[in-house]
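# Coordinates in review
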Amino acid sequence: MDEKRRLTRSDNKMLGGVCAGIAEYLDLDPTVIRVVWVLMVFFAGVGILLYIILWLIMPKKQQIG
């Protein structure tokens with residue numbers, strides 16, 4: 001049966017697990033998402049605020065077992 005994918009914070013975290021959670025959802029390397037996020041912080045200026053918002057609204061990953 002297909003498992004429904006959900007966007008959740010990951011246990012593979014450096015700060016809050018947001019970037020790693022996005023990477024797991026998109027099936028990418030977390031380092032790629034983290035680099036893009038840092039570029040957003042420096043060039044777009046919205047990265048920090050967006051990270052905090054996502055940290056607050058993204059649920060933690062449920063532990064199985």
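As a starting point, this report considers the structure included with it. On a predicted model such as this, the values are computed, not experimentally measured, just so you know.

### Considerations on the nonpolar core
Core analysis: the biggest nonpolar cluster contains nine residues, these being Val18, Cys19, Ile22, Ala23, Ile33, Trp37, Tyr51, Leu54 and Met58. Those elements that place two or more of their residues in this core are helix 1 (18–26), helix 2 (30–44) and helix 3 (47–57). Ranked by residue count, the leading element in this core is helix 1, at four residues.

### Some remarks on a nonpolar patch on the surface
A grouping of Ile48, Leu49, Ile52, Ile53, Leu56 and Ile57 is seen on the molecular surface, where their side chains present a nonpolar patch of about 640 Å² in accessible area. Looking at the element boundaries, Leu56 is found in helix 3. Given the relative accessible area of 71%, Leu56 is considered exposed.

### What to know about the environment of Leu54
In this fold, Leu54 is placed in helix 3. Sequence-wise, Leu54 and Val18 are 36 residues apart; in three dimensions their C-alpha atoms are separated by 6.8 Å. Among residues more than four places away in sequence, those in contact with Leu54 are Val18, Ile22 and Trp37.

### Overview of the packing of aromatic side chains
Scanning the entire structure with this criterion turns up two aromatic pairs. When the ring of Trp37 is compared with that of Tyr51, the centres are 5.7 Å apart and the planes differ by 80°; the resulting orientation is edge-to-face. Of this pair, Trp37 sits in helix 2 while Tyr51 sits in helix 3, and the two are 14 residues apart along the sequence. Taking relative accessible area as the criterion, Tyr51 reaches 10% and is therefore assigned buried. The interplanar angle of 75° and the centroid separation of 6.0 Å between the aromatic rings of Tyr51 and Trp55 together place this pair among those described as edge-to-face. Placement of both Tyr51 and Trp55 in helix 3 is noted, with a separation of four residues, approximately one turn of the helix.

Procedures and definitions
Residues numbered from 1 in each chain as written. Predicted model: local features only at pLDDT ≥ 70, side-chain atom pairs only at ≥ 80, totals over all residues. Heavy atoms only, no water. Core = buried A, V, L, I, M, F, W, Y, C linked by side-chain atoms within 4.5 Å. Buried < 20%, exposed > 50% of the residue type's maximum accessible area, 1.4 Å probe, protein only. Helix = DSSP H or I, 4+ residues; strand = E, 2+ residues; numbered from the N terminus. Patch = residues over 30% accessible without salt bridge, like charges linked within 9 Å, V, L, I, M, F, W, Y side chains within 5 Å. Areas by Shrake-Rupley, 256 points an atom, 1.4 Å probe, with all protein chains shown as cover. Salt bridge = Lys/Arg side-chain N within 4 Å of Asp/Glu carboxyl O. Contact = heavy atoms within 4.5 Å. Phe/Tyr/Trp six-rings, centres within 6.5 Å; stacked < 30°, edge-to-face > 60°.

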